[in-house]
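Overview (structure and organization)
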Amino acid sequence: MIHLYSKEVEKILLKVQKPGRYTGGELNSIIKDKDKVDVRFAFCFPDTYEIGMSHLGMKILYSQFNSYDHIWCERVFAPWTDMEGLMREKNIPLYALESGDPLTEFDFIGFTLQYELSYTNVLNMLSLAGIPLLSKDRKELNNIVVAGGTCTSNPEPLADFIDIFFIGEGEEVDLEVIELYRKCRNENKSKDEFLKLAAQIKGVYVPSLYKVDYNEDGTIKSFAPTNGAPETVEKRIIMDMDNVYYPYTFVVPLVEIVHDRAVSEIFRGCIRGCRFCQAGFLNRPVREKSKKTILEQCKKLCESTGYDEVSLSSLSSSDYADIVGLLTCLTEWSDDCGVSLSLPSLRVDGFTDDIMSKIKTVRKSGLTFAPEAGTQRLRDAINKNVREDELLKTCHVAFSGGWTNVKLYFMIGLPTETLEDVEGIAKLGQAVVNEYYRCEYRTKGKGVNVTVSASSFVPKPHTPFQWEAQDTIETILNKQKHLKESITTKKITFNYHAANTSFLEGVFARGDRKLCKVLLKAAEKGFHFDGWNDCFDFDAWMQVFEECGIDPAFYASRKRSFDEILPWDFISYGVSKEFLKAECERAYQSVTTPNCREKCSNCGAACYKGGVCVEKRQNMVH
Amino acid sequence: MKNVRIWFTKEYECKYISHLDLNRCMLRAVRRGGLPIWYTEGFNPHPFVTFPLPISLGIDAKRECMDIRIVDDTYDITQIPSAMNKYLPRGIQVFDATYPQLDPKYICFAKYSAQLSADGVEDKTLKEKILDLTKLDSVIIQKKSKAGMKDIDVLPYIKAMDFKFDNTCSFEVILPAGNTKNVALPLVIKAIENNLSLELNYSITKLDMFTEEMKQFL
Ligand code: SF4
Ligand code: SF4
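Residues numbered from 1 in each chain as written. Chains lettered and ligands numbered in written order. Predicted model: local features only at pLDDT ≥ 70, side-chain atom pairs only at ≥ 80, totals over all residues. Heavy atoms only, no water.

1. Notes on the site of ligand 1
What counts is decided by this rule: Residue proximity to a molecule or strand is established when one non-hydrogen atom of the residue lies within 4 Å of it. Nonpolar residues are Ala, Val, Leu, Ile, Met, Phe, Trp, Tyr, Cys and Pro. Charged residues are Asp, Glu, Lys and Arg, and all others, Gly as well, are polar.
Taken together, the residues surrounding ligand 1 are Cys270, Arg272, Cys274, Phe276, Cys277, Leu315 and Lys384 of chain A. Among the residues making up the shell around ligand 1, the classes are represented as five nonpolar, no polar and two charged.

Set out below in structure tokens:
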């Protein structure tokens, strides 16, 4: 039995684009005997195969679950529109890639939520599988729908659909819930009983056990647990990065995906508290893996997959405490066996040419900086520690070394931003261009190419900007136009994001349970792939909001007061609300806050008693 | 420096991957399998690899080949299958490595086996309908070529189908293949579909490649 997809699927595979995404059978994919396993887990990524297969979290949990004999974890991705059309036409239910079995045969259907605009894909995937969308319509103790990932930091817009949310890192809590499920099933417990018990596990949020009341103005009046569920749901966090499970092997896709390479995670969290950055606040404190562990993991992964590129993953790789030591020992090994290194999130300042030239991403795509804002004042307000003179100095060194491409990432619509700040983006781009022509040792006869990318700022939960009003679409469009006009040189390529996509992202990012009915309606209308321009239909979305009697601006464009009950207040990521408030106030005064290595600012995350919070600080300058 | 011809299968899921993806897969296995492969010289050195007769997407293949050049003449090529298979999916498996005896330009024919079916039509009936087509004067299908659309008569190829004596609609057929003349079996099937006004499901396996004198390509 080597064909795992059904005969029905086989008939449509030749009619769709890139059929290799729908077949499974990749090197290192895991096949088990379904009669010999106890729990079947369908790990669903609500986007295409190419994107989902590039996601590290999925690789980790897939391997970890499958390391247990009694669990079989399989992969499911959102079929592209051509495949979905044929599947619906021929009544083929959504199936998992390893066994080809429909999702209805699984004990758990787990989604990873990385992006608000993938919510319709979550619902669409359930609908393609023939599974009832609403949690209350799934009555049995099977097909338990769970979700983890960044977006569970505000799970409320999906509260009616998901049985269990995992808050924080999944390696431990997921397995605890799976074990509880086995126990409950053996004891013939009902789904309700199982959910009530699950809510007692740290890091588990069962939305059906909470009751929300609203004020007349639509804000939350009270948010109360029932049935003994905890008042505050605390995130789960792994403190010992050297001993936490990490896969020795990855599934190697048959078709080309976005990031087709081995990945080693070098640390979690970020020492810098950029005030707009949700990842930074959710993942505090920084916890590093040792050099020895990283090297060993890189070696094993390349050996088992055949990859000859390994990428070091983290939020800000150059902040690894001994980054030079790490790169030195890694390049020694990689040079030796023909493997190349790439570091996607690297601040290039402070590196020798020698190390820079060994990094594939730097070599290939040029230098990347994320100043995020155009003026020093605004960079101070958002606590982004990039200084213009340092940036130009690094560029100078790179230009002398033969580089001609620089990418600069910015955001527009940041709190306190003025038109002057927007112009500052163009000025900074121009300064980099000028620096090139000032550089004596630049590549002669070649021009410089500076790419300026501006995304629109979306305020996110659990950050100091969680109370802020998001710029309206109109304001963003004006700022984009202003910026475009401020750029006068042809050496700068200007890219920007669609303002209305960011608006919708903002609505769901800070939404509450009332949005469930909007999502339900959107799902009924067949919305999917909203993160893709080919599918996103803004007017259709506004129509849905209108039909539901909900004003999206209430969520995106409204400034909240500090004492409003926010939909996600019941979740704790270790960072205190007092700290977030103080940081918000400092933003308005353009006062920066030192990073965790310079000085501890007592954000609250020291409660986890580890990582950078207990590190010895070398330079006690502050 | 020596040329080496690597023989492999492309089946199951792997029949759905494009030539580009196949190329990537094989190269990864060549490199990680430690084969002393020769890199082209010049500004952007890349491993020297050619596929004598690339197979189209959707067709199982039992005997595909890929040519590489190795720089170490003492390298024992019998270790190639095990060295590479470690890094290959189950659908692509190397079963032999030889020194090429013939230049790819001598490939003239390919042999296929195929099974056809149509929803709601019995296989036996389908077979009869196809056999009836051989009584026609021609079976024309349009094919895109560099010079625009071109009419092709596939009747000789339908006549060449060697059906099994059973109740299935299965046959073997030898078709022109190679650089000078190439007839794709899915195109012939498409012509049959058009003529019978039926939607056909097919599974095709490419069995082997031959020279003009019908000697096995080695
Ligand atoms: S450096 Fe700033 S933006 Fe980047 S991950 Fe850290 S906190 Fe976030
Ligand atoms: S407690 Fe201090 S060191 Fe720890 S994460 Fe918070 S600010 Fe950083």
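2. A look at the domain arrangement of chain B
Residue and element names in this part refer to chain B. The condition that has to hold: Domain start and stop points were drawn from an automatic or database domain assignment. Contacts: residue pairs with any heavy atoms within 4.5 Å of one another. Accessible surface is computed with a 1.4 Å probe, and the buried area is the amount of it that two parts give up when combined, taken over both parts together. Here, a salt bridge means any side-chain nitrogen of Lys or Arg that lies within 4 Å of a carboxyl oxygen of Asp or Glu. N or O atoms within 3.5 Å of each other form a polar contact, as long as, within protein, one can give a hydrogen and the other can take it, and as long as residues adjacent in sequence are counted only when both atoms are side-chain atoms.
Parsing chain B into structural domains produces domain 1 (2–100) and domain 2 (106–210). Just the C-alpha atoms count here: the centres of domain 1 and domain 2 sit 29 Å apart. In this assembly, eleven residues from domain 1 lie in contact with ten residues from domain 2. Here domain 1 packs against domain 2, burying approximately 1000 Å² in sum over the two surfaces, 62% of which is carbon and sulfur. If you sort the residues of domain 1 by the area they bury against domain 2, Leu53, Ile59 and Arg63 come out on top, with a joint share of 53%. At the boundary of domain 1 and domain 2, one finds two salt bridges. For aspartate 208, the salt bridge is made with arginine 63, and the minimal N-O distance between the two is 2.5 Å. On inspection of domain 1 and its partner domain 2, the count reaches five residue pairs in polar contact (both at pLDDT 80 or more). Within the side of domain 1 that touches domain 2, the residues separate by chemical class into seven nonpolar, no polar and four charged.

3. A few points about the site of ligand 2
Around ligand 2, the surrounding shell consists of Arg284, Pro285, Cys596, Cys600, Ser601, Asn602, Cys603, Ala605, Ala606, Cys613 and Arg617 of chain A. Its residues placed into classes, the shell around ligand 2 shows seven nonpolar, two polar and two charged.

4. Comments concerning the interface of chain A and chain B
This is how it is decided: Elements are defined by DSSP. Helices are runs of H or I of four residues or more, strands are runs of E of two residues or more, and each kind is numbered from the N terminus.
In this complex, chain A contributes 32 residues to the contact, which on the side of chain B involves 22 residues. With both sides pooled, the region where chain A packs onto chain B buries about 2400 Å², and carbon together with sulfur makes up 53% of that total. At the junction of chain A and chain B, the tally comes to seven salt bridges. Joining chain A to chain B, the criterion identifies 13 residue pairs in polar contact (both at pLDDT 80 or more). Secondary structure elements with two or more residues in the side of chain A that touches chain B: helix 1 (7–13) and helix 9 (291–305) of chain A. Among the elements that line the side of chain A that touches chain B, the one with the most residues is helix 9 of chain A, at four residues. Here the side of chain A that touches chain B is composed, by residue class, of 16 nonpolar, eight polar and eight charged.

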